[in-house]
Each structure stands twice: as structure tokens, then as C-alpha cells.
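Okay, here's what each chain looks like letter by letter:
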Amino acid sequence: MTQDELKKTVGWAALKYVRPGMIVGVGTGSTAAHFIDALGSVSHQIQGAVSSSEMSSAKLMSLGVPLFDLNDVDSLDVYVDGADEINVSMQMIKGGGGALTREKIIAAVAHKFICIADASKLVDVLGTFPLPVEVIPMASAWVARELVRLGGQPVYRQGVVTDNGNIILDVHNLAILDAVDLEWQINNIPGVVTVGLFARRSADVALISSEQGVKIIG
């Protein structure tokens, strides 16, 4: 199977966590896009979705899935999204698609966070994938210096403006042994909107696809 076929397999596998009448939290990225396709097949059974990005919103609307503003929703039963890396403790690096802040907000609201990924995303130690940090533009130089102090090598993501109007610094050369502490440290740098470490609010269930099928962790 190709990597895209593995992503499709796990995206559709997540549909079993969707129940009639739900408002579903939906993530961003290539794996989440396959879940959106699956969600479109049951659009008549659910109330609708809360989306983490303009890109996902456009795809949901094209498939006839009603969209809700998160401010109009008290809670979400389930949030389904991919990951750039995930470890066995269900901690993740997310934000390769640039939607990390909205993804983190929706994950916080959801009762259950389902991470969908192919086996290449499962790692022992987080940090091989550069860690995204969304930053207010006027603070980019200051935040970069602070990230260097923490041992990373921040690189400005050229040509990218988030849906919130901010920039992204991708931090290389990190071996993240204490994800909860690093998440706290980076989030407390003035000028940081959020860091793409999902450690304090980790996934509740991970669906990992491989040639052998879909493995459920959690």
C-alpha cells in the first residue's frame, strides 16, 4: 500500500467513533482530509462539524457537512485529526499544515481526541519532525532567540501566514524527552500563540495504519 492508501484506510476507520446526531471536531491535513471524505458519507446522520482550518471548512462544505462555530457549541463528543509525530504516550507534534492553534483549541473542547496516522508517524522520541510554533509577527526575532536558548534551531516557514494572521517558526534539532515541560516553557514565551506539542492534552485513542491493518492504541 502507498502512504496515501494507508492514510485513507485510517481516515475511514475513524468513522466508527462518529454517532448519529453528533457535532464532530475535524482536523487539518492529508490524513484528516480522508476522514472528511468519510464524514461526508454520513453527513445526513450528523448535526455537522467544527473545523480547525479554512481548508478543512471548504472541503466539509463541498461534501454537504454543516459547519458550526465553536463559540456556539458547549462541547464536542469527538475530535478526529492526524499528527506529524506521535509517541506511545499519545503525545504528538502537530502543525505541519499550519493549523496548530485552532487544532489545540478544538482538542481542548472535545471529550475524546482520536489521532489518525500511518505507522511512519509513530516514534519513540518526539522531535525528528520540526516542532511548529505559531508566533505573533512582531515577536518573531525575540521568540527565535528564546527557542535557541531552549536548544532548538528555529527556521521561519517561508510564505506561510496562518488562518489567525501569524507566522510559524519550525524548530529543528530537538529531542523531546519531557514534552509536557517543553510545551509549558514554549507557551510561556511572550509572543508565542501556541506550540505544536500536544502533550498536556494528548490523544485518547490513536488509530495507526500499516500493511497489517489498523492498530488501536488507548
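As shown above, the structure is provided for reference.
Residue positions are given per chain, counting from 1 as you read along its sequence in written order. Where totals are concerned, whole chains, interfaces and linings use all residues; where local detail is concerned, this predicted model gives features only for residues with pLDDT of at least 70, and gives and counts side-chain atom pairs only at 80 or more. As a convention, hydrogens and water are excluded, and side-chain values are obtained from all of the structure's heavy atoms.

Give a description of the sheet that holds strand β7 (residues 131-135) that names residues and reports values.
One key point about sheets: their strands pair by backbone hydrogen bonds, in either a parallel or an antiparallel sense. At least two bridges found by DSSP between two strands are what make those strands a pair. Starting at the N terminus, helices and strands are each numbered in turn, a helix being any DSSP run of H or I of at least four residues and a strand any DSSP run of E of at least two. Spatial ordering of the open sheet is given by β8-β9-β7-β10, a layout of four strands whose pairing is antiparallel. The outermost strands of the open sheet, each flanked by one partner alone, are β8 (153-156) and β10 (192-195). Taking the axes of each pair of neighbouring strands and ignoring which way they run, one obtains an average angle of 30° across the sheet. Where β7 lies against β10, three bridges are found, and the strand directions are antiparallel. Looking across to β10, one finds that V135 is bridged to V192. Contact definition: two residues touch when any of their heavy atoms are within 4.5 Å. The angle between two axes is taken between their N-to-C directions and runs from 0 to 180 degrees, where each axis is a line fitted to C-alpha atoms and a helix contributes only its stretch in contact. Helix α4 (residues 100-109) rests against β7, β9 (167-172) and β10 of the sheet, and its axis sits at about 65° to β10.

Break down the side chain of E134 for me, citing the residues and quoting the values.
Relative to the elements of secondary structure, E134 occurs in strand β7. The buried charged residue E134 lacks any salt bridge, with R102 as its nearest oppositely charged partner at 7.3 Å. We define a polar contact as two N or O atoms separated by no more than 3.5 Å, with the added condition that, inside protein, one atom must be a possible hydrogen donor and the other a possible acceptor, whereas residues neighbouring each other in sequence contribute only through side-chain atom pairs. In this structure the side chain of E134 is engaged in a polar contact, spanning 2.7 Å, whose partner is the side chain of T101. Within the structure, the side chain of E134 is placed 2.8 Å from the side chain of T162, a separation counted as a polar contact. Not counting residues within four places of it along the chain, the set of residues in contact with E134 comprises L100, T101, T162, N164, N166, I167, I168, G191, V192, V193 and T194. Only protein chains enter the accessibility calculation, which uses a 1.4 Å probe; a residue whose area is less than 20% of its type maximum is buried, one above 50% is exposed, and one in between is partly exposed. When charges are tallied, Lys and Arg are placed among the positive residues and Asp and Glu among the negative ones, while His and the ends of the chain are skipped. The salt bridge criterion pairs a side-chain nitrogen of Lys or Arg with a carboxyl oxygen of Asp or Glu, the two atoms within 4 Å.

So what's going on with helix α2 (residues 30-40)? Which residues, and what values?
The α-helix winds at 3.6 residues per turn, so residues separated by three or four positions along the chain end up facing the same way. Burial within α2 is extensive, with eight of its 11 residues counted as buried. When α2 is considered as a whole, its buried residues turn out to be T31, A32, H34, F35, I36, A38, L39 and G40. Structurally, α2 contributes buried residues whose contacts are with α1 (3-13), β1 (23-26), β2 (48-51), α3 (54-62), β3 (76-81) and β6 (110-118).

So, the side chain of S51: which residues are in play, and what are the values?
Here S51 shows up in strand β2. Overall, S51 belongs to the buried group, its relative accessible area being 14%. Here S53 takes part through its backbone oxygen, which lies 2.8 Å from a polar atom of the side chain of S51. Among the polar contacts listed, one links the side chain of S51 to the side chain of S57, at a separation of 3.0 Å. Sequence-distant contacts of S51, defined by excluding residues within four places in its chain, comprise V26, S56, S57, L60, L67 and I106.

Just give me the short version of the pairing of β6, but keep the residues and values in it.
Successive residues of a regular strand alternate their side chains across the two faces of the sheet. β6 sits mainly inside the fold: seven of its nine residues count as buried. One ladder, built from five bridges, connects β6 with strand β12 (residues 205-210); its direction is parallel. The partner of I116 across the bridge, within β12, is L207.

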